[in-house]
Structure formats: C-alpha cells, structure tokens
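If you want the building blocks of each chain, they are given just below.
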Amino acid sequence: MINMNSYFKKNKLKIAPWLFMAPGLLMFITYVIWPIAGSINISFYDWDGLGEKTWIGMGNYVELFDDEAFYKSLKNNFIWLILYMLAVPIGLFMALFLNQSVRGIRIYKSMFFFPFVISQVVVGLVFSWFYDPNFGLLNIVIEFFGGTGIAILADERYVTYGIIAAGLWPQTAYCMILYLTGLNAVDSEQIEAGRLDNAKGWKMLWYIILPQLKPATFIAIVVTVIGALRSFDMVSIMTAGGPWGSSRVLAYYMYEKSFSEYGFRMGYGAAIAVILFLIMMVYITFFLLKMYRDEKAN
Amino acid sequence: MFPKPIENTNILTQSVYKTALPIVLILWLLPLIAVALTSFRSGGDLISGNYWGWPTSFDLYENYTSVFKNTPLAQYMWNSFRVTIPTVFGAVALSCMTGFALAVYNFKGNILIFFLFIAGNFVPFQILMVPVRDLSVQMGVYNSVWALILFHIAFQAGFCTLFMRNFIKALPRELIEAARVEGVNEFQIFWYIVIPLMKPAIAALSVLIFTFIWNDYFWATVLTQGVDSQPVTAGLYSLNGQWISQWHLVSAGSIVAALPPVLMFFTMQKHFIAGLTLGAVK
C-alpha cells in the first residue's frame, strides 16, 4: 500500500536535488563541458576565427606530427612535469624544518608560504630581474664567487630550467603547507612506539611518518602535476616562449597559434589544446579512480 | 611530534636552529626582498647602475605615488576588485547549493555529476579558450568585467562543489533526518540548518577563491583588453612593456598588485590553509 504522504515525500526528494543543482550545473555545462566539445570540434577545421570554417578532418593533427615547435613544446612540458615534482620532496623537507614550536614559528611558517599567495605574474617579474644578466642578483652572486654570469632567459639551453625554477618557488611553498598540516595530525603514540623500537631519523621518516602523510603526498602530487601542465603565466611573462620558441610549452604554443601576431589559427590551436587535454585526462582519470575507491570504502 | 622537538635537544642544536631560521627565510625570500628594495630606489640610481649598493636617496613615496599618478594602475586594481568580489559571492552561493544537493540526496547520477565537477576543475584552460571567448562575444560581454565574472563563477563551481560537498557530507546526518521527520521542507533544511553550519567552509572558500581570481592572468588576457576592463595581472604585464628598464616603477607596481591577496592571507590565514588542503588533510 502506498502511503500518500510518503509518496509525496519520495518525489520531493527526487526533485529537490535538481533544483538545488540547476544554476551551478547549468553554468558549469555552458562554460566548461560544452566548450570542451566545442574545441574538439574546432580542431577538425581550418579556421581563422572570423571567416568560414573549412572541414579538414585530421588535417591539423597530421600537421602537428611534422611540427618541430610542437615537439619542442611537448618536450618542455615533460621537463616541467618531471622537475616540478621536486616541489614535493623539497616542500616536505621545509615542512620538517619548520615543524617546531619555538617562539615566532607561526610567523616564520606564513612568511615561507608567502610566494604562493602572490600572483604568478609578479613571481615572473621578480625572477626576470633576479636573472637579469646586467644587474640581476643571481649573476652578482655568481660573479662574487668567481663564476661568469649567464643570461639564463636569453639562452636556449637554460631558459626552460630558469622558468621552472621560478615556478618551483610558489609550488614548493604550497607543498610545504600541505605537509605542515599533515604533520600536525601525525599520531604521536606511533612516534613514541617507533622511538622505543629504536627508529630514528630517516628510518622513522620512511617507515612511520611518510605512511601517515599519504593524504598530503597525494594532494601535493595532484596539484603539482596540474600546475606543471597548466604552466602558462610564467612562460608568457618571462620569455613569451622565446628565445626562438625554445621555452614554449603546449599551453603557450596553443595560445600563440590561436591569436597572436603570428596569425589566428583557431583550428590548429584547438588541436594542440586537445593533445594537452588528453595528457591531463590521464591524471584526471587516475584521480577520479582513487576518489571512487575512497567513496566506495565509506 | 616529528622531527624531535628542538627544545629537547642540547643547547648547541637549539641555537644553531634559531640562527638558521632567519637566514633560511631571508634566502628563501631573497627575490622578493630584492624587489621591495628596488621599489624605493630612485630612477637615477638604476640608470647609473647602482642596483644593489646603498641608495643615494629613498624614493619610497615618490615611486609609489608616481606609479598611481602616471599609470592607470589604480584603474587596473579597481577592475580586479570588480571581477574578484562578485565572483567570490557567485561561486560560493552556487556551490553551497550544488554541494548540498550532492551531499544530502541519493539520486541516480549523483556520483557521475560529482565527478563531472571534479574533472572539469582540472581541465587545461586552453581547451576552453576559443569557445569561451566566442560565447562571451555572442553574449556581448567580451571585454567587460562580466566576461570574467561569469566564466570564473562557472569554472570555480567545480572546485567549490568538491569542497562544499565533502564538508556537508561530514556533517551529522541525523540533523537533516530529524528535521524531515518534523516536517521541515527541503529549502528550510538548507537555509536554516545546513548553511549556518557551513560558515567555516564558506570563509575558507571565499579567501581561497579571492586569491585564485585576483591572481588569474590567462583569462584576463583572453577575455579583456585595455584599461577599462583588464585586471591588474594583465595590466602589470602591459605596464611592464611600457616601463622598460624603469624597474623601480615595475617593482612598486608589483608590490601594490600583490598586496590584496597577501593581506587577505595574513588576516584569514587559518581559513586559507583549511581551504588549500581541500579539507582532505585533516
């Protein structure tokens, strides 16, 4: 027998979530989900952004395979991805260094976190003149110790590494704060038990502390990977992809192809974006699978 | 506590630690300190190559006023506020609702929609660039702060929903069940029971979104141009082009642009960090 009241209630519970979600979901679909489909579609066309679109099928992707600038950007993206990971261990060690309760330590912690709060545009500008060959502090230090100064941002060999080092500055601060929060929650009884078993230093860190920091490590890796693949601001500010395109990454190359002085090639740009998206999807899938397992466990 | 608390070590280690702290901090912030120092040098010092020596004069006041008087920095800053504040309100409001829906109701597709929000949040901006720009042009908001506000609200909905949903999920379910038994309707449950409990989450998200949006550079260059609508990140970039080798002005401008998120961070530190850890590292 269906009770009227419970029948109504059941329906109410079915409708309510959709009403609550409607505005957010609608905007999200319009501005995020639909544009992804839109870009994939554009990538099959030759289009200057204004005139007629011409269907060229896989044409843009075929062109990509022969485009040296594309390979250079892809390679730089992998260098970013690998070196950016340094933020995780360095952040951990900084957190260990700061995880004390001496006087004023809270202010120290916030000051160390500082680089993450300021805009990447400012970080980019700051490092541009830190690296400046004429008066940059870096070269003054190098010359002080008897070395010869180098124009990092004007040298094809070093430019990408120079930008990554600048990017590591805020990213390390981010990882540090994740670990500091994680260290707060480490079970002190386990540490004591470890001490009784004569675990010290590295052993303690590896066998007792790190396993408990797993959630922090996970988030640190996720945000660092995303940060590395999203790298655009720093490249744009510090070198605009130069010298001679040697510091381009996919995100920047896409922007350059789509609209810049080199002409508006929306279709080609979209194809580059799709490749970047597919690389990112690997990580997104990995993240979602982990989330799914956690949800199931609860 | 790990590592071993420093107060349990011998006096030598303690004093080494206490001297090392400020030294490491200065090294860590060296690039920033250099900028701050440059921002009160005189233009003459920079021309004569006196970058790091003792300044011939302290032009703190002159540099900062000249940056406001001779450039549209104030307008850029104002634009940033016009973009950031409505975005914070919009994104937090929308995600309170989506988070509530996904945390409280069991319906078909719940997990799918939740994952859609998470996945969307990680997507590279470039895959959205051309369609979002076209959409803004069609809606007639291109090159206005509204282009940025609407996009940012929509995009941040992904991260904010993840955050809010997890927060609400951790609230005691009995509260909601009990209210339902009492005959309280769903909207009242949301408004009178859940929202008051969400205050810490709302605070954390607001600070975080403020910083993210203030610091956005990519969308600022894609969706706006010119002094009337560009936020300070993009503005700083174009000023940098005009100010070639006037580093004392570039650095004063950079410091001004960095100030709002920095102040936000220092006043709301606890909330900021709670937000950053996605509420996952408890």
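For the structure given in this document, a descriptive report is provided here.

Quick notes on the rules
Residues numbered from 1 in each chain as written. Chains lettered and ligands numbered in written order. Predicted model: local features only at pLDDT ≥ 70, side-chain atom pairs only at ≥ 80, totals over all residues. Heavy atoms only, no water. Helix = DSSP H or I, 4+ residues; strand = E, 2+ residues; numbered from the N terminus. Rg over C-alpha atoms; globule rule 2.2 N^0.38 Å. Contact = heavy atoms within 4.5 Å. Areas by Shrake-Rupley, 256 points an atom, 1.4 Å probe, with all protein chains shown as cover. 1 Å grid on protein atoms, 1.4 Å probe; cavity = no way out; pocket = protein on both sides within 12 Å on 5 of 7 lines; lining within 4 Å. Points joined across faces, edges and corners; volume = space filled by probe spheres on them. Nonpolar A, V, L, I, M, F, W, Y, C, P; charged D, E, K, R; others polar. Polar contact = N/O pair within 3.5 Å; in protein donor to acceptor, adjacent residues only side chain to side chain. Buried area = accessible area lost by both parts, 1.4 Å probe. Salt bridge = Lys/Arg side-chain N within 4 Å of Asp/Glu carboxyl O. Phe/Tyr/Trp six-rings, centres within 6.5 Å; stacked < 30°, edge-to-face > 60°. Buried < 20%, exposed > 50% of the residue type's maximum accessible area, 1.4 Å probe, protein only. Lys NZ or Arg CZ within 6 Å of the ring centre and 35° of its normal.

Turning to the overall build of chain B, a few remarks are in order. Within chain B one finds 15 helices and zero strands. Its C-alpha radius of gyration of 24 Å places chain B more than 25% over the 19 Å reference for a compact globule of 282 residues. With the C-alpha coordinates of chain B rotated into their principal frame, the extents come out at 75 × 65 × 30 Å. Put simply, 74% of the contacts in chain B that link residues at least 6 apart link residues at least 24 apart. For chain B, the computed accessible surface area is about 11900 Å², with 68% contributed by carbon and sulfur atoms.

We now examine empty space enclosed by the protein. This model, assessed by the stated rule, comprises four cavities of 30 Å³ or more. In this structure, the largest cavity spans a volume of roughly 1000 Å³. Taken together, 44 residues form the lining of the largest cavity, with F116(A), G227(A), R230(A), F125(B) and F212(B) sitting closest to its centre. What the second largest cavity holds in volume is close to 60 Å³. Taken together, I221(A), V222(A), V225(A), I226(A), Y283(A), I284(A), F286(A), F287(A) and F122(B) form the lining of the second largest cavity. Elements that contribute at least two residues to the lining of the second largest cavity include exactly α11 (214–230) and α14 (266–297) of chain A. For the lining of the second largest cavity, a count of residues per class yields nine nonpolar, no polar and no charged.

All right, on to helix α9 (residues 188–196) of chain A then. Between the side-chain oxygen of the N-cap and the backbone nitrogen of E189(A) there are 3.2 Å, and the N-cap of α9(A) in question is D187(A). A positive backbone phi angle near 70° is found at N198(A), which sits one or two residues after α9(A).

The interface of chain A with chain B comprises 99 residues on the first partner and 100 residues on the second. Both faces combined, the contact of chain A with chain B buries some 9400 Å², and carbon together with sulfur accounts for 80% of it. Among the residues chain A hides against chain B, the three largest losses belong to F20(A), Y31(A) and W129(A). Together they make up 10% of the total. When the shortest N-O distance is used, the salt bridge between E295(A) and R165(B) registers 2.9 Å. Where chain A packs against chain B, one counts twelve residue pairs in polar contact (both at pLDDT 80 or more). Among the elements that make up the side of chain A that touches chain B, the one with the highest residue count is helix α1 (residues 4–42) of chain A (22 residues).

Scanning all chains against the criterion turns up 53 aromatic pairs over all chains. Between the aromatic rings of F20(A) and F190(B), the centroid separation amounts to 5.0 Å while the plane-to-plane angle is 55°, which identifies the pairing as tilted. In this pair, F20(A) is assigned in helix α1 and F190(B) in helix α10 (residues 186–197), connecting two distinct chains. Exposure remark for F20(A): the relative accessible area of 7% places this residue in the buried category. Judged by centre distance (6.2 Å) and plane angle (50°), the rings of F187(B) and F190(B) are tilted. With a gap of three residues between them, F187(B) and F190(B) both fall in helix α10, about one helical turn apart. Assessed through its relative accessible area of 49%, F187(B) is described here as partly exposed. Site record: aromatic cluster; members linked through ring pairs are Y31(A), F232(A), Y252(A), Y255(A), F125(B), F151(B), F155(B), Y217(B), F218(B), W219(B) and Y237(B). Its end group placed over the ring of F218(A), K290(A) keeps NZ or CZ at 4.8 Å from the ring centre.

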